[in-house]
Amino acid sequence: MNKWIGVILISFVFIHFDCKSKEVQKFYFGASIVLVGYTDADITPYKIGAGYNFDKNFSIEVNSFKFGEKDLFFASDEFTAEGYSIEMLAKYPFGDFSLYGKLGALRWSEEGMKNDSPMEENNLIHIKDTGTDLIYGLGFSYSITENFSLKIEYLKSNINKHAVNPFSIGFDIIF
C-alpha cells in the first residue's frame, strides 16, 4: 500500500514540474444545461460556475445549480432543488481535449409540498430541507479556441438521500 502511495506522490511531483514549463490562463466562467438528473418537469435545470486554474492539471471551481422540479411519489408531491458546490479538478489534457475528474462538496436546498396522507388529496404539508453532500464525477472538454471550450460532465451526489446524478453539456470561457 505504501508503495502505491509513493508512486502516486512521485507522479504528482512530475506533473507539477511539467506544468510549470507552460503558461496557463488562470480564470474561467462556464454554464451548462443539465440534461439528466433531479428534474422530471418542464423546467430546464442549469449550472453556472467560475474557476481558477492552478496549472494545466489542477483547478478549483465553484458552481451554482438549479436542479429543477421533481414529483416524488404522488401527483401532489412536488419539490424544487438548488445548490452550490466547490470542487477540485484533476485534468489530463491531450491536444485540444481534456479528461478530468471532480471531487467536492455540494450544499443543497430542497423545498416543496408533500401529501401527508395518500388517501386524502388536500392534506399537503410544506417541507424545506438543506444539507451538504459529497459531489464527484468525470468530464470531457474540447477547446474550440484558446478562450472557448465545450464540455460534457457526469456528476454524482445526493439531495435529501435521493440520488442526483446530473449529466450536463456546456461551455467555458477562459480569460
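It should be noted that the structure appears before, not after, this text.
In what follows, the accompanying structure is described. (Residues numbered from 1 in each chain as written. Predicted model: local features only at pLDDT ≥ 70, side-chain atom pairs only at ≥ 80, totals over all residues. Heavy atoms only, no water.)

### What about the overall build of the protein chain?
Link 1 in the chain: The helix and strand inventory of the protein chain stands at one helix and nine strands.
Link 2 in the chain: Secondary structure elements in the protein chain, listed N-terminal to C-terminal, are α-β-β-β-β-β-β-β-β-β.
Link 3 in the chain: Accessible area of the protein chain: about 10700 Å², with a carbon and sulfur share of 64%. (Helix = DSSP H or I, 4+ residues; strand = E, 2+ residues; numbered from the N terminus. Areas by Shrake-Rupley, 256 points an atom, 1.4 Å probe, with all protein chains shown as cover.)

### Describing the nonpolar core
Link 1 in the chain: Of all hydrophobic cores here, the largest spans nine residues; its members are Phe65, Phe67, Ala81, Leu106, Trp108, Ile135, Leu155, Ile159 and Val164.
Link 2 in the chain: For this core, the secondary-structure elements that each account for two or more residues are strand 3 (58-71), strand 5 (97-115) and strand 7 (148-159). (Core = buried A, V, L, I, M, F, W, Y, C linked by side-chain atoms within 4.5 Å. Buried < 20%, exposed > 50% of the residue type's maximum accessible area, 1.4 Å probe, protein only.)

### Considerations on the pairing of strand 6 (residues 124-143)
Link 1 in the chain: Where strand 6 and strand 7 come together, eight bridges link them in antiparallel fashion. Bridged to Gly137 within strand 7 is Leu155.
Link 2 in the chain: Counting the residues in the hairpin turn of strand 6 and strand 7 gives four residues. (Pairing = 2+ DSSP bridges.)

### Quick notes on the side chain of Ser157
Link 1 in the chain: Summarising the element assignment, Ser157 is placed in strand 7.
Link 2 in the chain: With a relative accessible area of 5%, Ser157 lands in the buried category.
Link 3 in the chain: Within the structure, Ser157 has its side chain in polar contact with the backbone oxygen of Leu134 (distance 2.8 Å).
Link 4 in the chain: Here Ser157 is in contact with Leu106, Asp133, Leu134, Ile135, His162, Ala163, Val164 and Asn165, once residues within four sequence places are set aside. (Polar contact = N/O pair within 3.5 Å; in protein donor to acceptor, adjacent residues only side chain to side chain. Contact = heavy atoms within 4.5 Å.)

### Some details on the pairing of strand 9 (residues 167-174)
Link 1 in the chain: Alternating positions in strand 9 separate cleanly, Ser168, Gly170, Asp172 and Ile174 being buried on one face and Phe167, Ile169, Phe171 and Ile173 remaining unburied on the opposite face.
Link 2 in the chain: Alignment of strand 7 against strand 9, held across seven bridges, turns out to be antiparallel. Bridge pairing links Ile152 to Ile169 in strand 9.

### Remarks on the environment of Val24
Link 1 in the chain: On the secondary structure map, Val24 appears in the loop between helix 1 (2-20) and strand 1 (27-36).
Link 2 in the chain: Setting aside its immediate chain neighbours within four residues, Val24 contacts Asn53, Asp55 and Lys56.

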